[in-house]
Amino acid sequence: MNKEKYYITTAIAYTSGKPHIGNSYEIVLADSIARFKRLTGYDVFFMTGTDEHGQKIQQKSKELGKSPQVFVDEIAQEIKSIWDLMNTSYDKFIRTTDKEHIETVQKIFKKLYEQGDIYKGEYEGWYCTPCESFFSESQLIEGKCPDCSREVKKAKEEAYFFRLSKYQDKLIAYIENNPEFIQPESRKNEMINNFLKPGLQDLCVSRTSFDWGIPVTFDDKHVIYVWIDALSNYITGLGYDPDGNHKELFKKYWPADVHLIGKDILRFHTIYWPIMLMALGVELPKQVFGHPWLLVGEGKMSKSKGNVLYADDLVSHFGVDAVRYYLLHEMPFAQDGTLTHELLIERINSDLANILGNLVNRTITMSQKYFDGKILAPVLKEAIDDELIQLALSTPDKVKDKMDKLRVSDAIDDIFTLLRRSNKYIDETTPWVLGKDESGKERLATVLYNLLESIRFSSVMLFPFMPETAESIFRQLNTSVKDWDSLKTFDGMKAGDTVGIGEILFARIDTEKKLKEIQESKEKVNNVNDDKNEKEYITIEDFDKIELKVGEILDCKKHPQADKLLVSSVKIGDEIRQIVSGVAAYYTPEEMKGKRVIVVANLKPIKLRGEESKGMILFADNGDRLEFVTTSAPNGSIVK
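Residues numbered from 1 in each chain as written. Predicted model: local features only at pLDDT ≥ 70, side-chain atom pairs only at ≥ 80, totals over all residues. Heavy atoms only, no water.

Visitor: Give me the lowdown on the overall build of the chain, citing residues and values where you can.
Guide: A tally of helices and strands in the chain yields 21 helices and 26 strands. Scored against the burial criterion, the 640 residues of the chain give a buried share of 53%. When contacts within the chain are restricted to residue pairs at least 6 apart in sequence, long-range pairs at least 24 apart make up 75% of them. Roughly 29600 Å² of accessible area belongs to the chain as shown, and the carbon and sulfur atoms make up 47% of that amount. Taking the 86 positively charged and 100 negatively charged side chains of the chain as two groups, their mean positions are separated by 2 Å. (Helix = DSSP H or I, 4+ residues; strand = E, 2+ residues; numbered from the N terminus. Buried < 20%, exposed > 50% of the residue type's maximum accessible area, 1.4 Å probe, protein only. Contact = heavy atoms within 4.5 Å. Areas by Shrake-Rupley, 256 points an atom, 1.4 Å probe, with all protein chains shown as cover. Lys, Arg positive; Asp, Glu negative; His and termini not counted. Charge placed at Lys NZ, Arg CZ, Asp CG, Glu CD.)

Visitor: Now, about the domain arrangement of the chain: what can you tell me, with residues and values included?
Guide: Buried accessible area, meaning the area lost when the parts come together, often serves as the stated size of an interface. Structurally, the chain comprises domain 1 (360-487) and domain 2 (546-639). The C-alpha-based centres of domain 1 and domain 2 are spaced at 71 Å. (Domains from an automatic or database assignment.)

Visitor: Tell me about the packing of aromatic side chains, and please be specific about residues and values.
Guide: By the definition in use, this model includes 25 aromatic pairs. For the pair Tyr-7 and Phe-45, a centre-to-centre distance of 6.0 Å together with 55° between the ring planes defines the contact as tilted. Here Phe-45 lies in strand E3 (residues 43-51) and Tyr-7 lies in strand E1 (residues 5-10), a separation of 38 residues in the sequence. Their ring planes at 35° and their centres at 5.3 Å tell us that Phe-45 and Tyr-253 sit as a pair that is tilted. (Phe/Tyr/Trp six-rings, centres within 6.5 Å; stacked < 30°, edge-to-face > 60°.)

Visitor: Go over the state of the cysteines with me, naming the residues and quoting the values.
Guide: Within the structure shown, the criterion is met by zero disulfides. For the unlinked cysteine Cys-204, the closest cysteine sulfur is that of Cys-128, found at 14 Å. Overall, the relative accessible area of 4% leaves Cys-204 in the buried class. (Disulfide = S-S within 2.5 Å.)

Visitor: Kindly report on the layout of surface pockets, identifying the contributing residues and their values.
Guide: Of the voids in this model, the largest pocket is the one considered here, and its volume is about 1800 Å³. Forming the walls of the largest pocket are 50 residues, and the residues nearest its centre are His-20, Asn-23, Lys-56, Arg-150 and Asp-264. Of the volumes computed, that of the second largest pocket is approximately 750 Å³. Lining the second largest pocket we find 31 residues, and of these Phe-135, Gln-139, Phe-195, Arg-267 and Tyr-272 sit closest to its centre. Here the lining of the second largest pocket is built from residues that sort into 18 nonpolar, seven polar and six charged. (1 Å grid on protein atoms, 1.4 Å probe; cavity = no way out; pocket = protein on both sides within 12 Å on 5 of 7 lines; lining within 4 Å. Points joined across faces, edges and corners; volume = space filled by probe spheres on them. Nonpolar A, V, L, I, M, F, W, Y, C, P; charged D, E, K, R; others polar.)

Visitor: Please provide a residue-by-residue account of the environment of Glu-612, values included.
Guide: Along the chain, Glu-612 turns up in strand E22 (residues 611-613). It is 58 Å that separates the C-alpha atoms of Glu-612 and Glu-346, two residues lying 266 residues apart in sequence. Among residues more than four places away in sequence, those in contact with Glu-612 are Gln-578, Val-580, Pro-605, Ile-606 and Lys-607.

Visitor: With reference to specific residues and values, describe unusual backbone geometry.
Guide: The residue after Gln-183, namely Pro-184, is reached through a cis peptide bond having omega -5°. Along the polypeptide, Pro-184 turns up in the loop between strand E8 (182-183) and helix H6 (185-196). Positioned with a positive phi, Asp-372 is a non-glycine residue whose angle comes to about 55°. Looking at where Asp-372 falls in the secondary structure, it is placed in the loop between helix H13 (341-371) and helix H14 (383-404).

Visitor: Which residues make up the side chain of His-101, and what are the values?
Guide: Checked against the element boundaries, His-101 lands in helix H4 (residues 99-114). A polar atom in the side chain of His-101 sits 2.8 Å from the side chain of Asp-229. In this view, His-101 contacts Ile-94, Arg-95, Thr-96, Ile-214, Asp-229, Ser-232, Asn-233 and Thr-236; residues no more than four positions away in its chain are not counted. (Polar contact = N/O pair within 3.5 Å; in protein donor to acceptor, adjacent residues only side chain to side chain.)

Visitor: Got a sec to walk through the sheet that holds strand E7 (residues 153-162)? Specific residues and values, please.
Guide: Pairing is antiparallel across the open sheet formed by four strands, whose spatial order is E6-E5-E7-E9. What marks the edges here is a single partner per strand, and that holds for strand E6 (133-135) and strand E9 (203-204). Pairing analysis gives 10 bridges linking strand E5 (residues 118-128) to E7, with the strands arranged antiparallel. Bridged to Gly-121 within E7 is Ala-159. Sheet strands touched by helix H10 (residues 266-280): E6, E7 and E9. Its angle to E7, the strand with the most contacts, is close to 30°. (Pairing = 2+ DSSP bridges. Axes fitted to C-alpha atoms, helices over the stretch in contact; angles between N-to-C directions.)

Visitor: Got a sec to walk through the side chain of Lys-188? Specific residues and values, please.
Guide: Relative to the elements of secondary structure, Lys-188 occurs in helix H6. Those residues in contact with Lys-188, other than ones at most four positions away along the chain, are Ile-175, Pro-179 and Ile-182.

Visitor: Can you tell me about a nonpolar patch on the surface, naming the residues and giving the values?
Guide: A grouping of Ile-538, Ile-540, Phe-543 and Ile-546 is seen on the molecular surface, where their side chains present a nonpolar patch of about 380 Å² in accessible area. In this fold, Phe-543 is placed in helix H20 (residues 540-544). On the basis of relative accessibility, which here comes to 37%, the residue Phe-543 falls in the partly exposed class. (Patch = residues over 30% accessible without salt bridge, like charges linked within 9 Å, V, L, I, M, F, W, Y side chains within 5 Å. Salt bridge = Lys/Arg side-chain N within 4 Å of Asp/Glu carboxyl O.)

Visitor: Residues and numbers for the packing of helix H15 (residues 408-429) against helix H17 (residues 441-462), please.
Guide: Running from N to C, H15 and H17 point in directions that differ by 165°, and their axes come no closer than 10 Å. One finds that H15 runs roughly antiparallel with respect to H17. In this structure, the crossing between H15 and H17 has a hand that is left-handed. Residues Ile-415, Phe-416, Leu-418, Leu-419, Ser-422, Tyr-425, Ile-426 and Thr-429 of H15 lie in contact with H17, whose contacting residues are Arg-443, Val-447, Asn-450, Leu-451, Ser-454, Phe-457, Ser-458, Met-461 and Leu-462. Here the contact of H15 with H17 is built from residues that sort into 11 nonpolar, five polar and one charged. (Parallel < 35°, antiparallel > 145°, perpendicular 65-115°, else oblique. Left-handed = near helix turned anticlockwise from the far one by under 90°.)

And the structure:
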């Protein structure tokens, strides 16, 4: 039997730095949807990845003395490691520096140009580097970027433009005829009223002021600007080919069932991206869902405010599934959610330790105590059982209905309604009283069976949201009946089997103690960073050990195996030495030649990526770049 396909994507993370917990929310949300779809019988393809080109990355890598490729390699790996830490089950992690992506984007650009949808012009306007976006004077808010409120600068350059205006009316008609295309509803109204109906300006899609991007094949002065590059990942990752020679993944999974993105980039995904697809003659995705933001306390996360939280830090204190649960449960469907350590602890104690953990622990413990763990058939039923059983049998449909509408928090609420009812069932049936008398054993066996089966139901449904916790519960139940179809009847636990060993799922947290632990951990990290930045004083004897001499760079070349290194031949007096310097981000080999520089002459020789370096050329760091420390003193002079 062929399964129905389901293709889900996230926005690709920009490789300018480590993603905070708000960024991590999106990948966890997407993962819960992908896992749920697999659980309910879909053939799922889940793609995420990284956006790695642009002026901001070129500038940042230069500041760090690294090549852009080395820089994005490091950040992409860090992002991927955090996605893995959060136990996300993506099928593909695409990078916009992937060879196949680059080649396809070049073909897309050329096709759009040849059919007249891209044309050459000149752009003059206000440019926001962090957002990689141009704005007109009227679009600025109090003279700043309308998207991020940061400073903009005047820019003028030759550029290629994409004819958004050509497809404006067609896109409006599509949105109006497909009411589920943009969700939630409020986001759709915003796009139509604020952007489409006032009229679209043609979009700048190439740049000449930087070169860290995909080159335009027919005009090597230009690199392809961020949106055609980044947005195309959703089809290039599947093997789309502008010439029609699509790979099987594209034929199978496109169109996407949902693009899951943050509400702040909705315009790019619901206006620019659909118009690009229309121009290419490609079917549009079925839905673009703009999820809300995760706020810290009263506002957005900001390094300047010092309130940025990271997934790996939270996981180290609370565990993966506790963090996943909070992110998924505490984010309303169309409103921003709030995260603080105090709120997270409160939710762990109330929901995970008390409602879920306590129910599982009590039930497994009673099964071991009264029947040595053996599961007995439910033969002595009473009317009170029906309410629990009917709630269990009706909950999967409720959860599925919520998940089909991407109301993840509401779906989790339905599962916890069953868990709460199971706890109440314990209080109503008083198994500890039934266990005191042999005449109550058949009734006790029925009560415990109903509890074990209700827990199994809950665990199957919880798996997409808290996979490690669900697996732990299955081990304690000692059951392999985990499929969605098993929730059609209330008989998954088998009489005669024996439950497993009890484990503590979530221990209650002492709030004051945990907050103190978190603060001490933060201070420890800060102290380590301070220690790294502080330099110890040296004595005159230490300084006397350093031999500084004047040298002249006779020749220079790029390091054959490292983009950020240059290899110089330096004449120091009568001696010529080879010195390797990590300055390729600031100087070309030609700019190095002929410079009279100061060299640390008695540095122990080392090999840097296979090239011997006998000394160190001194540079001054002015914050923006490295400057030569030069002198007019004769070659070979000793610096004192």
